[in-house]
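Remarks on the overall topology
If you want the building blocks of each chain, they are given just below.
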Amino acid sequence: MFIFNQQALRTFNEKTLSQYKRHATIMAVLLLVCGICCLIYPIAAGVYLSYATGFMFLVCGFYSIYSLFSAGKKQLKAKFTYAFFAIAWLLLGYCFLVNPVIGMNSLAMVFCCLFILGGIFRVASGVQMFRSPGYVWNIFIGILDLLIAGVWLNMDPDKSYVFTSIFIGVEMIFSSLAFISLRRNTKLVATDKLANNN
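The text that follows walks through the structure, step by step, so that each part is easy to find. (Residues numbered from 1 in each chain as written. Predicted model: local features only at pLDDT ≥ 70, side-chain atom pairs only at ≥ 80, totals over all residues. Heavy atoms only, no water.)

Once that is clear, we can look at the packing of aromatic side chains. By convention here, two paired aromatic rings are described through the distance between centres and the angle between planes. A full pass over the atoms with the stated rule returns eleven aromatic pairs. An angle of 40° between the planes, with centres 6.1 Å apart, marks the rings of Y63 and Y66 as tilted. Residue Y63 and its partner Y66 are located together in helix α3 (residues 42-69), separated by three residues, close to a single helical turn. In this pair, the class of Y63 matches that of Y66, namely exposed. Here F84 and F85 contribute two aromatic rings whose centre-to-centre distance is 5.5 Å and whose plane-to-plane angle is 80°, an arrangement assigned as edge-to-face. The partly exposed category is assigned to F85, whose relative accessible area is 38%. Grouped by ring-pair contacts, the aromatic residues F57, F84, F85, W89 and F96 constitute a single cluster. (Phe/Tyr/Trp six-rings, centres within 6.5 Å; stacked < 30°, edge-to-face > 60°. Helix = DSSP H or I, 4+ residues; strand = E, 2+ residues; numbered from the N terminus. Buried < 20%, exposed > 50% of the residue type's maximum accessible area, 1.4 Å probe, protein only.)

Let's shift gears to helix α4 (residues 76-98). If you check α4, its first and last C-alpha atoms are 33 Å apart, about what 23 residues at 1.5 Å a residue would give, namely 33 Å. On the buried face of α4, the contacting elements are α3 and α5 (100-128). (Expected span 1.5 Å × (residues − 1). Contact = heavy atoms within 4.5 Å.)

Before going further, it helps to examine the pattern of salt bridges. A side chain of one charge can pair with a side chain of the opposite charge if their charged atoms are brought near each other. In the structure shown here, the tally under the stated rule is one salt bridge. The partner of R122 in a salt bridge is D145, with the nearest N and O atoms 3.5 Å apart. Here R122, found in helix α5, pairs with D145, found in helix α6 (residues 135-153); they are 23 residues apart in sequence, far enough to count as distant. Take R122: its relative accessible area is 36%, and that puts it in the partly exposed class. Given the relative accessible area of 13%, D145 is considered buried. (Salt bridge = Lys/Arg side-chain N within 4 Å of Asp/Glu carboxyl O.)

Here it is, written out as structure tokens:
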């Protein structure tokens, strides 16, 4: 977990700041490279993303099975929950690995639902903040989220697959910029600390 708050970074010692700077650089480079690959090769990237997601689901499924058998004398309800999630995770993982197109289209549906929920909440927040600073932007971004979700839902499976890969690529690039900013902040904090010590 990374802390991006500059005030919190000032509480760290020089060793921790140096580690943060190194890890932020690695994360920024990885995200940037992966994001660019998603934009240049959206179809191939979609396959790899689907495989990665399927693998993570399988890991969650096997962990749920482990939790089920190591639950001991827990209530029947808890065991049923572990069994249910184990089956669900394993089936999802299998679907993502066997048919990457279905996997990516499932991710597209999840993203669309998040955009719809985000859009509704932003519009509602903007209406509640009526005449307050920033209420117009909240409503505008909320409507934009709803429009993106609508366009996404109306795409055919092949276009939706490519659009999802591109969307994830753009998100990775923006995330890499956040880590570049974190790297710069750690460098500034380290420089300030060195100046204060002198």
